[in-house]
Amino acid sequence: MQDRPEEQPVFDNPLRHLTTAQFMALGGNAVVYIRPIRGDQLAEFMADIADEDAAAEFQMVVSADGSPLLVADTTEAVDEWLSDKNLGIVALH
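In this text, all values refer to a predicted model and were calculated from it rather than measured experimentally.

Undergrad: Let's hear about the nonpolar core: which residues, and what values?
TA: One finds Val-32, Ile-34, Val-61, Leu-70, Ala-72, Val-78 and Leu-82 forming the largest nonpolar core, which totals seven residues. Counting residues per element, the ones that place at least two in this core are β1 (31-38), β3 (68-72) and α3 (75-83).

Undergrad: Tell me about the pattern of salt bridges, and name the residues and values.
TA: A side chain with one charge can pair with a side chain of the opposite charge if their charged atoms come near. Applying the stated criterion across every chain, the model contains two salt bridges. Taking the shortest distance from any N to any O, the salt bridge between Asp-40 and Arg-38 comes out at 3.0 Å. Judged by its relative accessible area of 33%, Asp-40 falls in the partly exposed class. The shortest N-O distance in the salt bridge between Lys-85 and Asp-84 comes to 3.1 Å. For Lys-85, a relative accessible area of 32% puts it in the partly exposed group. Looking at Asp-84, the relative accessible area reads 59%, which means it is exposed.

Cut-off values and rules
- Residues numbered from 1 in each chain as written.
- Predicted model: local features only at pLDDT ≥ 70, side-chain atom pairs only at ≥ 80, totals over all residues.
- Heavy atoms only, no water.
- Core = buried A, V, L, I, M, F, W, Y, C linked by side-chain atoms within 4.5 Å.
- Buried < 20%, exposed > 50% of the residue type's maximum accessible area, 1.4 Å probe, protein only.
- Helix = DSSP H or I, 4+ residues; strand = E, 2+ residues; numbered from the N terminus.
- Salt bridge = Lys/Arg side-chain N within 4 Å of Asp/Glu carboxyl O.

All we've got here are geometric facts, nothing functional implied.
Structure representation (structure tokens):
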């Protein structure tokens, strides 16, 4: 019998249910969120994702209005990019 990794619990963060207007009211451009995204999902709106990256996980930084700001392959790269930004809130989704 093969051991299967336990599924990670999914927490229902109240920020997931905010409308765009409510999220913008939190701080407009001062608010971003970080979202993990698979390469195949990313390829749906970015043409330059290689086939071999389809199963890879990337980190996407998205502004409060839903605009993508950064796609990185590590959380360290996201942390470095955010370190010199003047952002009041950064929430991990």
